[in-house]
Amino acid sequence: MIYTFIAPIIVFAVIVIVHEWGHFITAKLTGMKVEEFAVGFGPVLWSIKKGETLYSFRIFPLGGFNKIMGMDREYTEDPRAFSNRQVWQRLLVISAGAICNIALAFIIFSGIIWSTGVETFPDKPIIGAIATDSPALKSGLQVGDVITSIDNHKIAKWSDILGILQGKENTVLEIFIVRDGIGKAITIIPEIRDERAVLGISPQLEKQSVTLSQAIQLGFEKCIKDFIAIGEGLSSMILGNNTAQVAGPIGVARLAGTIANHGMIPLLMFVAILSLNLGFLNLLPIPLLDGGLLLLTILEGICRKPLPNKVLFYIQCTGIFILGGLFLYATINDITALFK
């Protein structure tokens, strides 16, 4: 039960600290002056100053921030200020947070795949899982049963089952199985789901170990696949093609607590997916996000001068409106979900 409360703190802290560390390390490497690197928000609990940077822990551990000289656009002649550095250096520092979030997801995906292996589909007619409240469960089928025939049609591989079941919804069928070396006949009536006849069974999958290089390749492929899925989901939400399931801090915290109770691997996968989402969203060209600052910095590089303060004011107001609306929408979804 304690994981339900601790897990959200750990999840938020990890992905935000990794994000801010990306800004921090690239600012240091490009010679910018980082005045403070903070873990958490609110009053300072503990701090220490090393060189020119103050390192602090604050009372609310959900996040962190960097204070880089000149990033708030206050005028300064210090050549180490963010605003006085070369455009490529500023672009690197701005994008580093999202890049580190994506890198974290890649490392977690690859590490889990390497340690646990991958599941393969051997196409054998062996039941690997049975859905609750399904025809298979009601008829007495069990995990591990080998299906040899359905409705007098021989079953040699799992993929044979789908073709035989077509058009057989609500029809009494006789299935022959082998269980513990003993043959048995079972009567079952498939039901219709998503316009097709189903029994409520899933095939048995096999675990296959992978090398480190294979795990790295598969981890990269999963990042790309999930990145594309995030983009498609966001596009569908904007175009109104489906009902968007957007979770805010409350919803994410609930999910983290629930997933933590299922073990470390699911929790790490959740951290990776959330980190990938944060990386993607921060690259969007929305004012107040890293992507918005990237766009402004590119425009300033093209124009070779800072944008007028009046223009920046309207841009920031637009960003506040967009992000405020998204936060409100997500919070309403979170609160509504609490009462379901």
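Cut-offs used in this document
- Residues numbered from 1 in each chain as written.
- Predicted model: local features only at pLDDT ≥ 70, side-chain atom pairs only at ≥ 80, totals over all residues.
- Heavy atoms only, no water.
- Pairing = 2+ DSSP bridges.
- Helix = DSSP H or I, 4+ residues; strand = E, 2+ residues; numbered from the N terminus.
- Salt bridge = Lys/Arg side-chain N within 4 Å of Asp/Glu carboxyl O.
- Buried < 20%, exposed > 50% of the residue type's maximum accessible area, 1.4 Å probe, protein only.
- Axes fitted to C-alpha atoms, helices over the stretch in contact; angles between N-to-C directions.
- Parallel < 35°, antiparallel > 145°, perpendicular 65-115°, else oblique.
- Contact = heavy atoms within 4.5 Å.
- Nonpolar A, V, L, I, M, F, W, Y, C, P; charged D, E, K, R; others polar.
- Expected span 1.5 Å × (residues − 1).
- Bend = angle between axes of the 7 residues up to and from the residue.

Participant: Describe the pairing of strand 8 (residues 182-188), listing the residues and the values that go with them.
Facilitator: Where a strand is regular, its side chains alternate between the two sheet faces. Two elements, strand 7 (residues 173-179) and strand 8, share seven bridges in a ladder whose sense is antiparallel. In the sheet register, Phe-176 faces strand 8, and the bridge partner there is Ala-185. Connecting the antiparallel pair strand 7 and strand 8 is a turn made up of two residues, with Asp-180 showing a positive phi of about 55 degrees.

Participant: Could you give an account of the pattern of salt bridges, naming the residues involved and the relevant values?
Facilitator: Pairing between side chains becomes possible if they bear opposite charge and their charged atoms approach one another. Taken as a whole, this structure holds nine salt bridges when the rule is applied. A salt bridge links Lys-168 to Asp-151; its shortest N-O distance comes to 2.9 Å. Taken together, the residues span a long stretch of sequence, with Lys-168 in the loop between helix 4 (159-165) and strand 7 and Asp-151 in the loop between strand 5 (146-150) and strand 6 (153-154) at a distance of 17 residues. Given a relative accessible area of 27%, Asp-151 falls into the partly exposed group. Among the ionic pairs, Asp-160 bridges to Lys-157, the shortest N-O distance being 3.3 Å.

Participant: Provide a residue-level description of unusual backbone geometry, including the pertinent values.
Facilitator: The backbone of Asp-123 shows a phi angle near 60 degrees, a positive value even though the residue is not glycine. Among the structural elements, Asp-123 can be located in the loop between strand 3 (118-120) and strand 4 (127-130).

Participant: Residues and numbers for the packing of helix 2 (residues 87-116) against helix 8 (residues 290-303), please.
Facilitator: For any two helices packed against each other, the geometry is given by the interaxial angle and the distance between the axes. The interhelical angle for the contact between helix 2 and helix 8, taken along N-to-C directions, is 175 degrees, at an axis separation of 9 Å. As the angle between them shows, helix 2 and helix 8 are arranged roughly antiparallel. Where helix 2 abuts helix 8, its residues Val-87, Arg-90, Leu-91, Ile-94 and Ser-95 lie against Asp-290, Leu-293, Leu-294, Thr-297, Ile-298, Glu-300 and Gly-301. Counted by class, the contact of helix 2 with helix 8 contains six nonpolar, three polar and three charged residues.

Participant: Outline helix 2, supporting the account with residue identities and numerical values.
Facilitator: Taking 1.5 Å as the rise per residue, helix 2 with 30 residues should run 44 Å; its terminal C-alpha atoms sit 43 Å apart, in good agreement. Most pronounced at Ala-96, the bend in helix 2 amounts to some 40 degrees. Remark: Gly-117 follows helix 2 within two positions and exhibits a positive phi of approximately 80 degrees.

Participant: Give a detailed account of the sheet that holds strand 6, specifying residues and quantitative values.
Facilitator: Taken in spatial order, the four strands line up as 6-5-7-8 in an open sheet, and their pairing is antiparallel. The sheet is open, and its two borders are formed by strand 6 and strand 8, each paired with just one other strand.

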